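Chain by chain, the residues run as shown.
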Amino acid sequence: MDSTLEPLARSLRQAPVVDRDGYEYFVHGVTDGIPPVEPAVLSAVADGISERVDLEAVDKIVAPEAMGIHHGTALSIATDVPLVVVRKRSYGFPEEVAVHQETSYGESELYLNGVDAGDRVLLVDDVLSSGGTIEAVCDALEAVEAELVDIVVVLRRVDVDHADVSRDVTSLLDVRVRDGKVEILE
Ligand SMILES: O=P(O)(O)OC[C@H]1O[C@H](OP(=O)(O)OP(=O)(O)O)[C@H](O)[C@@H]1O
Ligand SMILES: Nc1ncnc2[nH]cnc12
């Protein structure tokens with residue numbers, strides 16, 4: 001593992017795991033905003049993403065509400081690339097694209113505004129679980145004819161089936177829940 005990600009890995013191993021209708025959901029600053037996330041961890045995430053993507057080839061960072069926002073923000077500040085947030089609220093703009101998001105434990109509508117045809121986009125999120133969120137946002141980006149350069153998540157859950165994810169997704173860490181604890185795959 002990249003040594004700059006060690007503090008993230010350490011804190012993940014201590015994350016509480018709660019039951020969400022049968023889904024083992026870990027609670028961590030990266031994925032939930034609580035417990036408090038250390039600035040050094042946010043910086044390490046932004047650096048880790050920057051190292052894996054050619055940001056020169058990116059016009060806009062796109063991050064879904066809510067837990068993609070702090071990672072997209074840290075990355076935007078570090079790279080000077082503008083940030084677009086995919087919202088769970090409609091603005092009614094004529095160019096708005098609505099897609100349906102289904103996660104491992106819930107569903108919602110997502111609304112994309114602010115991405116234009118030909119924009120080169122980096123999609124960033126906190127965690128890949130079922131992949132429903134990534135798929136929905138990719139569909140929206142396709143609808144506006146954006147160019148998807150890369151998809152990066154901080155954490156990929158390897159203990160949840162995301163066989164339906166049709167795109168390559170890069171993760172900083174691969175994780176699973178075992179015996180009520182988060183394990184990091186090396
Ligand atoms: O791979 P999936 O099964 O789609 O799960 C991953 C998504 O689930 C969470 O979002 P959620 O919409 O639950 O809420 P939040 O970000 O608003 O907390 C998380 O932030 C990811 O976006
Ligand atoms: N906070 C979280 N913990 C575990 N799995 C998740 N999937 C989406 N959000 C998650």
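These numbers come from a predicted model, not from an experiment. (Residues numbered from 1 in each chain as written. Chains lettered and ligands numbered in written order. Predicted model: local features only at pLDDT ≥ 70, side-chain atom pairs only at ≥ 80, totals over all residues. Heavy atoms only, no water.)

Another aspect to go through is the sheet that holds strand E3 (residues 60-64). One open sheet accounts for six strands, arranged E4-E3-E7-E8-E9-E10; its pairing is mixed. Looking at the sheet topology across the chains shown, the edges are occupied by strand E4 (83-86) and strand E10 (181-185). The average undirected angle you get between the axes of adjacent strands in this sheet is 25°. Judged from the five bridges that link them, strand E9 (residues 170-178) and E10 form a sheet pairing that is antiparallel. Residue pairing across strands places Asp-174 opposite Leu-185, the latter belonging to E10. Against the sheet, helix H1 (residues 6-13) contacts strand E8 (147-157), E9 and E10, and its axis sits at roughly 150° relative to E10. In the packing of helix H4 (residues 69-79) onto the sheet, contacts are made with E3, E4, strand E7 (120-128) and E8, and the angle to E3 comes to roughly 165°. (Pairing = 2+ DSSP bridges. Helix = DSSP H or I, 4+ residues; strand = E, 2+ residues; numbered from the N terminus. Axes fitted to C-alpha atoms, helices over the stretch in contact; angles between N-to-C directions. Contact = heavy atoms within 4.5 Å.)

Here E8 pairs with E9 via five bridges, running parallel. Opposite Leu-155, over in E9, you have Leu-173 as the bridge partner. Hairpin connection of E9 to E10: two residues between the antiparallel strands, including Asp-179 at a positive phi of 50°.

Once that is clear, we can look at the site of ligand 1. The full set close to ligand 1 counts 17 residues, and Tyr-105, Asp-125, Asp-126, Ser-130 and Thr-133 are the nearest of them. Take Asp-125: an N or O atom from its side chain is 2.6 Å from an oxygen atom of ligand 1. Gly-132 places a polar main-chain atom, nitrogen or oxygen, 3.4 Å from an oxygen atom of ligand 1. Across the complex, the protein chains shield 88% of the 500 Å² of accessible surface that ligand 1 would expose by itself. Listing elements by their share of the shell around ligand 1, those giving two or more residues are E7 and helix H5 (132-143). Counting residues per element, the shell around ligand 1 draws most heavily on E7, which supplies four residues. A breakdown of the residues in the shell around ligand 1 according to their chemical character gives five nonpolar, eight polar and four charged. (Near = heavy atom within 4 Å. Polar contact = N/O pair within 3.5 Å; in protein donor to acceptor, adjacent residues only side chain to side chain. Areas by Shrake-Rupley, 256 points an atom, 1.4 Å probe, with all protein chains shown as cover. Nonpolar A, V, L, I, M, F, W, Y, C, P; charged D, E, K, R; others polar.)

Secondary-structure assignment places Gly-180 in the loop between E9 and E10. Note on Gly-180: relative accessible area 35%, which makes it partly exposed. Taking the C-alpha atoms as reference points, Gly-180 and Gly-33, 147 residues apart in sequence, are found 20 Å from one another. (Buried < 20%, exposed > 50% of the residue type's maximum accessible area, 1.4 Å probe, protein only.)

Bringing the nonpolar core into the picture now. One finds Leu-8, Leu-12, Ile-49, Leu-122 and Leu-173 to be the most contacted residues of the largest nonpolar core, which totals 29 residues. At the level of elements, H1, helix H3 (39-52), E7, E8, E9 and E10 are the ones that each hand at least two residues to this core. The leading source of residues in this core is H3, at five residues. Apart from the residues lying within four places of it in its own chain, the contact partners of Leu-8 are His-28, Val-30, Val-41, Val-45, Val-154 and Leu-173. Counting residues in hydrophobic clusters, the runner-up holds 23 residues, among them Val-62, Leu-123, Cys-138 and Leu-141. (Core = buried A, V, L, I, M, F, W, Y, C linked by side-chain atoms within 4.5 Å.)

On to unusual backbone geometry. In this model, Ile-34 is joined to Pro-35 through a cis peptide bond whose omega is -15°. Despite not being glycine, Asp-80 has its phi angle at roughly 70°, a positive value. Within the fold, Asp-80 resides in the loop between H4 and E4. Note on Asp-80: relative accessible area 72%, which makes it exposed. Its identity is not glycine, yet Glu-145 carries a phi of approximately 65°, on the positive side.

Scope: geometric values only; no functional claims are made or implied.
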